[in-house]
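Inside the fold
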Amino acid sequence: MEAILALIIVAAGVAGVVYVLARRMAPLFRAAKGPAIDRIGERLYGVYWFPHHRMPRPGYEVAGYTHITTLVSLIVLSIHVLMVIYSGFVGFEIPGLESAVGVGYAVISDIALTVLFIACVFAAVRRGVLKPPRYEVPEKYGKDKSRPWAVFLVSFLAAVALLDMIYLGSDAVAAKAAEEGYRFILPLTGTWFAAIIMSGLSASAAGTVNVVSYFILLIGIFVFVNLLPFDRLFHTITGPVTVFCKKLERGSVKPVQWGVDDESVADLESFGVKKFEDFNWKHILDFYSCADCGRCSDNCPANASGRPLSPRFISLKGRDYAFSHYPLKGPFVKNEPLVGDIFSEDEIWSCTTCGACEEECPVTIEYIDKIVDLRRGMIDDGNVPQSLQKPLNALGKRGNPWGKMEKKRPEWIKELPEGVTIKDLSSGDTAETLYFVDSMSSYDDRMMDLARATATVLSAAGADAGILGKNEKDSANDVRRFGEEMLFMELRDHNSEMIAGSGAGNIVTSDPHALNALKKDYKDMPPVEHISEFALRKLKEGTLSFASLDEEEKGKIYTYHDPCYLGRHNQVYDPPREVMDAIPGMNRVEMSRCRDRSFCCGGGGLMLFYEPEEEERMGVHRVRMAKEAGANVIVTACPFCLTNIEDAIKVAGLEGEMEALDLCELVARHIGS
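Anyway, here's the lowdown on the structure attached to this text. (Residues numbered from 1 in each chain as written. Predicted model: local features only at pLDDT ≥ 70, side-chain atom pairs only at ≥ 80, totals over all residues. Heavy atoms only, no water.)

Under the counting rule described, the total for this entry stands at 16 aromatic pairs. Residues Phe234 and Tyr288 carry aromatic rings whose centres are separated by 5.1 Å and whose planes lie at 40 degrees to one another, so their mutual orientation is tilted. Of the two residues, Phe234 is situated in the loop between helix H8 (203-227) and helix H9 (235-244) and Tyr288 in helix H11 (residues 281-289); the sequence distance between them amounts to 54 residues. The residues Phe234 and Tyr288 share a single accessibility class, namely buried. Taken together, the ring pairs in this structure connect Phe276, Phe279, Phe287 and Tyr321 into an aromatic cluster. Taking NZ or CZ as reference, Arg24 lies 5.6 Å from the ring centre of Phe230, over its face. Directly above the aromatic system of Phe482 lies the positively charged group of Arg375, at a separation of 4.6 Å from the ring centroid. (Phe/Tyr/Trp six-rings, centres within 6.5 Å; stacked < 30°, edge-to-face > 60°. Helix = DSSP H or I, 4+ residues; strand = E, 2+ residues; numbered from the N terminus. Buried < 20%, exposed > 50% of the residue type's maximum accessible area, 1.4 Å probe, protein only. Lys NZ or Arg CZ within 6 Å of the ring centre and 35° of its normal.)

Okay, the sheet that holds strand S1 (residues 423-424) next. Strand order in this open sheet of five strands is S1-S3-S2-S4-S5, and the pairing throughout is parallel. The sheet is open, and its two borders are formed by S1 and strand S5 (528-530), each paired with just one other strand. Relative to S5, strand S4 (residues 506-509) runs parallel, the two being bridged by three bridges. Note on S5: the bridge partner recorded for Thr509 is His530. (Pairing = 2+ DSSP bridges.)

What follows deals with the environment of Leu666. Mapping Leu666 onto the fold places it in helix H29 (residues 663-669). As for Leu666 and Leu7, which are separated by 659 residues in sequence, their C-alpha atoms are 74 Å apart. Ignoring anything within four residues of it in the chain, the contact list for Leu666 reads Tyr558, Met580, Ile583, Met586, Val635 and Leu661. (Contact = heavy atoms within 4.5 Å.)

The next subject is the side chain of Asn299. In this fold, Asn299 is placed in helix H12 (residues 295-299). When its relative accessible area of 6% is taken as the criterion, Asn299 is described as buried. Here Tyr60 takes part through its side chain, which lies 2.9 Å from a polar atom of the side chain of Asn299. Once you skip the residues sitting within four places of it in the chain, Asn299 turns out to touch Tyr60, Ala356, Glu360, Arg593 and Arg597. (Polar contact = N/O pair within 3.5 Å; in protein donor to acceptor, adjacent residues only side chain to side chain.)

Here we come to the pairing of strand S9 (residues 659-662). Across four bridges, strand S8 (residues 633-636) lies against S9 in parallel orientation. Bridging across to S9, Ile634 finds its partner in Ala660. At this point the chain moves from S8, through helix H28 (residues 639-651), to the parallel S9, and the crossover so formed is right-handed. (Right-handed = clockwise from strand over helix to strand, strands pointing away.)

What follows covers the state of the cysteines. In total, this model carries zero disulfides according to the counting rule given. Not engaged in a disulfide, the cysteine Cys354 finds its nearest cysteine sulfur in Cys564; these two sulfurs lie 4.7 Å apart. (Disulfide = S-S within 2.5 Å.)

Before going further, it helps to examine the environment of Glu533. Secondary-structure assignment places Glu533 in helix H24 (residues 531-541). Residue class for Glu533 comes out partly exposed when judged on its relative accessible area of 23%. A sequence separation of 69 residues divides Glu533 from Gly602, and the C-alpha atoms of the two residues are 24 Å apart. Every residue in contact with Glu533, bar those within four places of it in the chain, is listed here: Val572 and Pro575.

In short, shape yes, function no, at least from these values alone.
Written out as structure tokens, the structure is:
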């Protein structure tokens, strides 16, 4: 009779899981084509190590180690759960426990069960009582439905763990009372306490408790598994798959449509994401995998500045949409436009694509590709912010967002320092090293100093360097990330042709946005490096050396600001710091947010032209961080960062107290023997 009842419970539980998952997976099968899954070994390594590496990052140690502890406990107990299910069909005798291996595993599973119970109770208290601020739901997003459900589920799991302890403890008590042997139970574990409490029961009473607790436990296990796909704990099922299928190339942007080559893009009827099924299956899976931990929004500079963007709610609104339009019962609901109904225009345009959210996410959810796809859809419908229309049109006509004449692009070389030479390859000359200047340093009066400093470094290192001059157009890194794919392709193809025609064997740039485009978006380029990498290489080769800081400069305290597209997107963290530290007399400190946790300046690319709603500029936040670190000189390695930080110093009222300069300017000042 017991075996039949166990069979009914297991069959009903498995059928329920299969049905719920089938309904939940329905939108993935209706979604756009996703990426091919390759590099299997690297992906498997990511599943078993990388999320653990991200979980206990500074500031999230408590939550991180709680999650790791819970996860490890569940993995250890997975065999035990299978044994529990199996035991219902063989008279509640768990095979193998009499062996040394069985006894050893039983002790380990008792420990894991105890740890799981404690971790779940702690998680329930933390979510329901302590309530860290990052879990809060702003009024504009409606009532917080996730927290009560999360508290309920972890409490339910704690109850299941408690039932398991009672089941195991009663089994041991019944066996001892019947003089059938008593397996070793580690003292102070939950099972040990359960056995101690029930130690006065007779063999018959303990056996009854064992049978009743078994069936309640079996029901509890399958009820819990069936409840997982209803909210945030769905990530326990989909999270490992999301991590396995994550994008492996940092800084890259997905194509308009997977499987469609560049020649066929223009033939597509529609660009980007306009309805839910336009997302690819991987991105819908991302929605399901969101743990609602709030780390993405906690580290989002747009959110910190009061812009109408919180990455966390991009995922939560996407998941809620999937749940409501693909219900567990009844027909699927007709779609409506996403932008305007689900996501607001300002929300999508507020993103600087800095990558802070993706860097922080424990389950490696991709936000930038989703936002770029939503922008593509808006631009395809002619829905472009007023402030961006002029620069985008200018980029199409003149190859730069200001609409200035092409022949003016190389004019900055007319005022090069004495002894510094750089070729203009547009006149038919050739050079081994191509300095890709990009638009900001070519046309902005202040950033022309950065271009001249870069030329000074190249010349001092003995590089045979030249520029494309009037033949260069904007690298289009930000054009692509603002959703104008066809314009991006036009600019990319032009630059690619000019670069190939220059005959250059390598490319150097002082603009991280250009660096990212040339390395991640262009094809068949010569080796590309940032000027900081070039300078460090030349320092090590001995072809570049620095003179000491003067006495006034030695009294200053320097800090380095990591540009998003140099750091997070291209992993160039050490070269700029090593170059700075090679200058004798340098006194450098780190800001609290640095390297992969650097805080975006807010000015990347076309963001200089966009006018978002915000409470305070991102650059002002960054300047204050530098001041808190004790620095009075902020060194960066990006023309956009330099522009924004210099403006932020003025806005923050710190003129005279703090200054900003580019790494190239710092290096050019101190080139010597």
